[in-house]
Amino acid sequence: MAKNNTDAMPAKSIRLTAEQWNTCDRLYKQLGLPSRNDFIRDAVDFYIAWQSRESVERYLTPALESVIGAKIRDTEERLARILFKLAVDQNLLARFLARYDGYDDDAIEEMRILSLNQVKRTNGTLDADDVLIEREEWQD
């Protein structure tokens, strides 16, 4: 069992330039660390963590992009289906208002089918002028 912290750490040598040693000596004092060794150990720990983070990012980034992309596609598909249904009902309402003179269940179903086809044909855009033109055609 180790008696103190230095027993748990085997001593190895490291070669640095004179400038690197001077920087280590200046910084460990500035940072209030007990020794140059503590500064170097902290620097090595930081570098290891940094390198681990980089490798994790290289792995996680494509995985995250894939998951996020799939979620966005699912959401877009759901929204497209909802918007399509809304456009059909909005088109139906426009037709209903245009034919307010008189209607029955068959007429409403016919308008729904016409609305569905118009929404498909126009990719969901509703043009009031088109509805008014069709109304004039219906009244003829």
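For the structure, check the block above.
Residues numbered from 1 in each chain as written. Predicted model: local features only at pLDDT ≥ 70, side-chain atom pairs only at ≥ 80, totals over all residues. Heavy atoms only, no water.

Peer 1: I'd like a rundown of the overall build of the protein, residues and numbers included.
Peer 2: The secondary structure content of the protein amounts to four helices and zero strands. Along its sequence from the N terminus, the protein presents helices and strands in the succession α-α-α-α. Expressed as a percentage of its 140 residues, the buried residues of the protein come to 14%. Within the protein, contacts between residues separated by at least 24 positions form 41% of all contacts whose residues are at least 6 apart in sequence. Surface summary for the protein: the accessible area is close to 11600 Å², and the carbon and sulfur share equals 56%. (Helix = DSSP H or I, 4+ residues; strand = E, 2+ residues; numbered from the N terminus. Buried < 20%, exposed > 50% of the residue type's maximum accessible area, 1.4 Å probe, protein only. Contact = heavy atoms within 4.5 Å. Areas by Shrake-Rupley, 256 points an atom, 1.4 Å probe, with all protein chains shown as cover.)

Peer 1: Give me a positive patch on the surface: which residues, what numbers.
Peer 2: Taken together, K71, R78, R81 and K85 make up a surface patch of like positive charges. Structurally, the position occupied by R78 is in helix 2 (residues 36–98). For R78, a relative accessible area of 45% corresponds to the partly exposed category. (Patch = residues over 30% accessible without salt bridge, like charges linked within 9 Å, V, L, I, M, F, W, Y side chains within 5 Å. Salt bridge = Lys/Arg side-chain N within 4 Å of Asp/Glu carboxyl O. Lys, Arg positive; Asp, Glu negative; His and termini not counted. Charge placed at Lys NZ, Arg CZ, Asp CG, Glu CD.)

Peer 1: So what's going on with the pattern of salt bridges? Residues and values would help.
Peer 2: On inspection of all chains with the given rule, the structure shows two salt bridges. For D25, the salt bridge identified is with R36, shortest N-O distance 2.6 Å. Here D25, found in helix 1 (residues 18–30), pairs with R36, found in helix 2; they are 11 residues apart in sequence, far enough to count as distant. According to the relative accessible area criterion, R36 is partly exposed, its value standing at 30%. The salt bridge involving R41 is made with D38; its shortest N-O contact spans 2.2 Å. Taken together, the residues R41 and D38, both in helix 2 and three residues apart, mark about one turn of the helix.

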